[in-house]
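Structural overview
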Amino acid sequence: MQNIGFKKLLLAGVALFITPVTLQAQEVPADQPALSDTENEQIEVSGKTTPVFKFDTISVTASREEKLAIEAPASISIVTEEEIERRQPETVNDMLKDIPGVELTGGSRNTVMTPSIRGLGDDRVVTRIDGARHNFNVGHKGGLFIDPAILKQVEVLRGPASTIHGTGALGGVVAFETKSADDFLEEGETFGGQITSGFGTVDNAVHGNLTAFARPLENIDFLASLSRRKTDDYEAGDGEKRPFTDDDLVSGLIKTGIDIGESHRVGLTYRVYTDDHSLPATADGTSVASIVNRESRETGLVLDYDYENPENNWLDASVKGYYNNSDIDEVRFSDGRHDERNLETLGIEAYNTSRFELDENVKLAVTLGGEYFNDDQTGRRNGAPTTQFYPDADMDIYGVYIDNTLTLFEDFEVTTGVRFDSYDLQAEGQEGVSETAVSPRVMVSYQVLPFLQPYASYAEAFRAPSLSEIYNSGLHFPGGGPIPNNFFIPNPDLKPETAQNWEVGFNVKHDGLFTSDDAIRAKAAYFHNNIDDFIEQKTDVFAGTTTSNNIPKAQIKGFEAEISYDSSGIFGSLGASRIRGKNTDTAAALAGIPADKAAVTLGYHISDISLDIGGRGLFVRDQERVPGGSDEIDGYATFDVFAGWDAEDYVPGLKINFAVDNLLDKTYRRGAAVLDEPGRNVKVTASLRF
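Residues numbered from 1 in each chain as written. Predicted model: local features only at pLDDT ≥ 70, side-chain atom pairs only at ≥ 80, totals over all residues. Heavy atoms only, no water.

1. Re the overall build of the protein chain
Of regular secondary structure, the protein chain possesses five helices and 36 strands. Taken over C-alpha atoms, the radius of gyration comes to 25 Å for the protein chain, in line with the 26 Å a tight globule of 690 residues would show. Taken over the C-alpha atoms alone, the protein chain extends approximately 75 × 65 × 45 Å along its principal axes. The proportion of buried residues among the 690 residues of the protein chain is 54%. Carbon and sulfur atoms form 57% of the exposed surface of the protein chain, whose accessible area is close to 28,700 Å². Charged side chains of the protein chain number 61 positive and 110 negative; the gap between the two group centres comes to 4 Å. (Helix = DSSP H or I, 4+ residues; strand = E, 2+ residues; numbered from the N terminus. Rg over C-alpha atoms; globule rule 2.2 N^0.38 Å. Buried < 20%, exposed > 50% of the residue type's maximum accessible area, 1.4 Å probe, protein only. Areas by Shrake-Rupley, 256 points an atom, 1.4 Å probe, with all protein chains shown as cover. Lys, Arg positive; Asp, Glu negative; His and termini not counted. Charge placed at Lys NZ, Arg CZ, Asp CG, Glu CD.)

In structure tokens:
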């Protein structure tokens, strides 16, 4: 009777919280591969069956062949579903902040954050949600709209990756994957549901999620999920609230799939996100002189088809079509000024892998792929075009590639690939821009010992100039006194950025290190990235101009390492990065290069009662290497504690997570942000699966 009563209370609490927004949220997310397997299960990858642990996850970002991330000759980090639940994230930063070389720029307001990898952010990182490109990014306003509540995992590929991912992958790739029915349904189950509710103290956050999933027929699965999160302004470590940091977001996800025969699968994903809040028009700053009521909204649709037949070595194919509509709508309180920013992205991507056994010990996999997408952006202020900030413009990009992996004696692997891209940019009343790019790569790895795999790679990447970088024109900001008005100057002669990256590293994968049921995983890499025609925006206050120009050469180099350990008792991880960047011609420091940082997690599985407890620390040094005229950035150290209880033995389907973030109530800022981060935050989340 007590169990039944508890379930009813939890169900009623979340239902009451979400009901007022049910009619508003009828839309939802998209889809991309990746499998996460629990401890001591078996998984087949590239024809081999191997035991995997909780942190062994399949990656498809470094290549189109499924491969355990720990075995890929690349710098890959994956935030698993278990870790997402443990962190109870409100923002993308909560999930990614411990990853070496990764930062979230733009400050601490939720919708303003954008990922930066190895000091390269904005349009230099490819963001995908369920495989679909997410290209929306508005200066000072951000544009990454994703609700952690619907995520299964996040994969981060660090380093140039244009051979597979095309324009923008100078820094790397961040790939979000949403949940599907298969993540919930056990074998033999045909339907079920999960209800989740929680709170946080630093901003009076309350959140809830309702998810239903079903397999009405053996070959059909379906999931529908609805979430809401509402917060007030958060308090920093000094006890003072930071104004206009509240959120009121609703997100939804519908995902379905149909298996046709043994080899075909068709999937459809629909995602919606909306956040209604008040914040400064320049949302990445602290000024409260121009406050707007802003609605951030995004809808995404992904249709995908996959063919996989183990008996057919010629065809292993995937086709994905997608549509994203991202929109920011703002009305200024003081005078009713109405600003709109919209980006529609329509794309299709297809690839096929053919496999050949040239000899008993010689295997070759050949992947042929292609991609097309169109970005169409429009901007309005009180109904009139905004040529100065967000001009009406569109971009078409076509790309084709071939990627070959040769495997000798299962230990030595060579991957060579090349991609050709062509892009065309157009804006009303301005000169069109067309250009092409070629992006080759080579990766070599060798399993020198059963647990040790060193590798070396060379890759080139490119980024087409953004529509705003080329076409912005008109008034930037008004002058005063001896300072003239400042105007954007278009620059149709901007060249694409190109990168040439060398990387050497090693992977360590060893099971049974100290006991029969423990495992260690490690990745470490040194990289040296030379960037030609790096694009920087320069503002000349006294000349009254702002324009984007190419820096002839820039250089970014550094070292990253991460290690994870798991057992039936102790678990933990350690990650660290050290990155340096400079203008090669002047030796001046580049803006946006992250400070040295290290992150450590240590915990313990109390198996008898299915309880995990632990803590983590994040240590960031002062950043003294900044461009001339910029202030040095203070370092900081923060500490968190957490606990997770699987209460299945007491209340079937119940899980509870508890955490205290920023345990010491530290006042600090991330990177070049001007807004302090939240202070101490006590968080509790409970989920009930039925």
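2. Some details on a negative patch on the surface
On the surface, Asp 622, Glu 624, Asp 631, Glu 632 and Asp 634 cluster together into a patch of negative charge. Along the polypeptide, Glu 624 turns up in the loop between strand 33 (611-620) and strand 34 (636-646). (Patch = residues over 30% accessible without salt bridge, like charges linked within 9 Å, V, L, I, M, F, W, Y side chains within 5 Å. Salt bridge = Lys/Arg side-chain N within 4 Å of Asp/Glu carboxyl O.)

3. Quick notes on the pairing of strand 32 (residues 597-606)
Along strand 32, the buried face is formed by Lys 597, Ala 599, Thr 601, Gly 603 and His 605; none of Ala 598, Val 600, Leu 602, Tyr 604 and Ile 606, which line the opposite face, is buried. Between strand 32 and the antiparallel strand that follows it, strand 33, lie four residues; Ser 610 among them carries a positive phi value of about 55°. (Pairing = 2+ DSSP bridges.)

4. Re a nonpolar patch on the surface
Together, Ile 563, Leu 574, Val 600, Phe 619, Phe 639, Leu 663 and Leu 664 make up an exposed nonpolar region whose accessible area comes to about 550 Å². Inspection of the secondary structure puts Leu 664 in the loop between strand 35 (654-661) and strand 36 (681-689). The class of Leu 664 is exposed, set by a relative accessible area of 60%.

5. Digging into the pattern of salt bridges
Summed over the entire model, instances satisfying the criterion amount to 55 salt bridges. Across the salt bridge formed by Arg 128 and Glu 371, the nearest N and O atoms sit 3.4 Å from each other. With Arg 128 in strand 8 (residues 125-129) and Glu 371 in strand 20 (residues 362-381), this pair connects stretches of sequence that are 243 residues apart. No difference in accessibility class separates Arg 128 from Glu 371, as the two residues are buried. One salt bridge connects Asp 335 with Arg 332, and the closest N-O pair in it is separated by 2.6 Å. By relative accessible area, which is 49% here, Asp 335 ends up partly exposed.

6. Structural notes on the confidence of the model for the protein chain
Residues at a pLDDT of 70 or more form 92% of the protein chain, whose mean pLDDT is 88. Contacts of residues 1-52 to residues separated by more than four positions or lying in other chains number 139 contacts, the stretch itself having pLDDT below 50. (pLDDT = per-residue confidence, 0-100. Contact = heavy atoms within 4.5 Å.)

7. Structural notes on the packing of aromatic side chains
Summed over all chains, the structure comprises 13 aromatic pairs. For the ring pair Tyr 372 and Tyr 398, a centre distance of 4.9 Å and an interplane angle of 35° mean the geometry is tilted. Taken together, the positions of Tyr 372 in strand 20 and Tyr 398 in strand 22 (residues 393-408) put the pair 26 residues apart, joining distant regions of the chain. Look at Tyr 372 and you get partly exposed, because its relative accessible area is 25%. Pairwise contacts between aromatic rings join Phe 136, Phe 145 and Tyr 273 into one cluster. Over the aromatic face of Phe 527 sits the side chain of Arg 118, whose NZ or CZ is 3.8 Å from the ring centroid. (Phe/Tyr/Trp six-rings, centres within 6.5 Å; stacked < 30°, edge-to-face > 60°. Lys NZ or Arg CZ within 6 Å of the ring centre and 35° of its normal.)

8. Notes on the side chain of Asn 657
Topologically, Asn 657 is positioned in strand 35. Judged by relative accessible area, which is 13%, Asn 657 ranks as buried. When neighbours within four sequence positions are excluded, Asn 657 is seen to be in contact with Glu 85, Arg 86, Gln 88, Ala 643, Gly 644, Lys 683, Val 684 and Thr 685.

9. So, unusual backbone geometry
Working note: non-glycine residues mostly have negative phi, and peptide bonds are mostly trans. In this structure, Asn 382 is a non-glycine residue whose phi angle is positive, near 50°. Inspection of the secondary structure puts Asn 382 in the loop between strand 20 and strand 21 (384-385). Notably, Asp 665 is not glycine yet its phi reads approximately 60°, a positive angle. Positionally, Asp 665 belongs in the loop between strand 35 and strand 36.

10. Section: the sheet that holds strand 5 (residues 75-79)
The sheet built from five strands is open, its strands ordered 5-10-11-8-9 with mixed pairing. Two strands bound the open sheet, and with one partner strand each, they are strand 5 and strand 9 (132-133). Note: strand 8 against strand 11 (residues 172-178), five bridges, orientation parallel. Paired with Ile 129 across the bridge in strand 11 is Phe 176.

11. Details of the nonpolar core
Core analysis: the biggest nonpolar cluster contains 26 residues, and Val 92, Met 95, Leu 96, Ile 146, Val 154, Val 174 and Phe 176 have the highest contact counts within it. Elements represented by at least two residues in this core include exactly helix 3 (92-96), strand 6 (102-105), strand 8, strand 10 (151-158) and strand 11. With near-sequence residues (within four places) excluded, Val 154 lies in contact with Ser 77, Ile 78, Val 79, Ile 84, Met 95, Leu 96, Val 174, Ala 175 and Phe 176. Val 302, Val 433, Phe 462 and Tyr 471 belong to the second largest nonpolar core, which has 19 residues in total. (Core = buried A, V, L, I, M, F, W, Y, C linked by side-chain atoms within 4.5 Å.)

12. Regarding the side chain of Gln 377
Among the secondary structure elements, Gln 377 is positioned in strand 20. Judged by its relative accessible area of 5%, Gln 377 falls in the buried class. Polar side-chain contacts of Gln 377 include one of 2.8 Å to the backbone oxygen of Pro 391. When residues no more than four places from it in sequence are discounted, the contact partners of Gln 377 are Asn 342, Leu 343, Tyr 390, Pro 391, Asp 392, Ala 393, Leu 467 and Ser 468. (Polar contact = N/O pair within 3.5 Å; in protein donor to acceptor, adjacent residues only side chain to side chain.)

13. Considerations on the environment of Met 395
Of note, Met 395 is situated in strand 22. Taking relative accessible area as the criterion, Met 395 reaches 8% and is therefore assigned buried. Sequence separation of Met 395 and Asp 424 is 29 residues, and the distance between their C-alpha atoms is 5.7 Å. Residues in contact with Met 395, not counting those within four places in the same chain, are Phe 373, Asn 374, Asp 375, Asp 424, Leu 425, Ala 464, Pro 465 and Leu 467.

14. Some thoughts on the pairing of strand 19 (residues 338-359)
For strand 18 (residues 316-332) and strand 19, the ladder comprises 15 bridges, and the chain directions are antiparallel. Bridge pairing in strand 19 places Asn 325 opposite Glu 344. Hairpin connection between strand 18 and strand 19: a loop of five residues separates the two successive antiparallel strands, and Gly 336 in this loop has a positive phi of roughly 75°. Sheet topology note: the strand 19/strand 20 ladder contains 20 bridges and is antiparallel. Looking at the pairing, Asn 342 lines up with Thr 378 of strand 20.

15. Considerations on the environment of Lys 509
Positionally, Lys 509 belongs in strand 28 (residues 497-511). Given the relative accessible area of 16%, Lys 509 is considered buried. When the C-alpha atoms of Lys 509 and Ala 522 are compared, they prove to be 6.8 Å apart, with 13 residues separating the residues in sequence. At 2.9 Å, the side chain of Lys 509 and the side chain of Glu 71 are in polar contact.

16. Some points on the environment of Leu 408
As for its placement among the helices and strands, Leu 408 is situated in strand 22. Sequence spacing of Leu 408 and Arg 158 is 250 residues, and the spatial spacing of their C-alpha atoms is 26 Å. Beyond its immediate chain neighbours, meaning those up to four positions away, Leu 408 contacts Asn 361 and Val 362.

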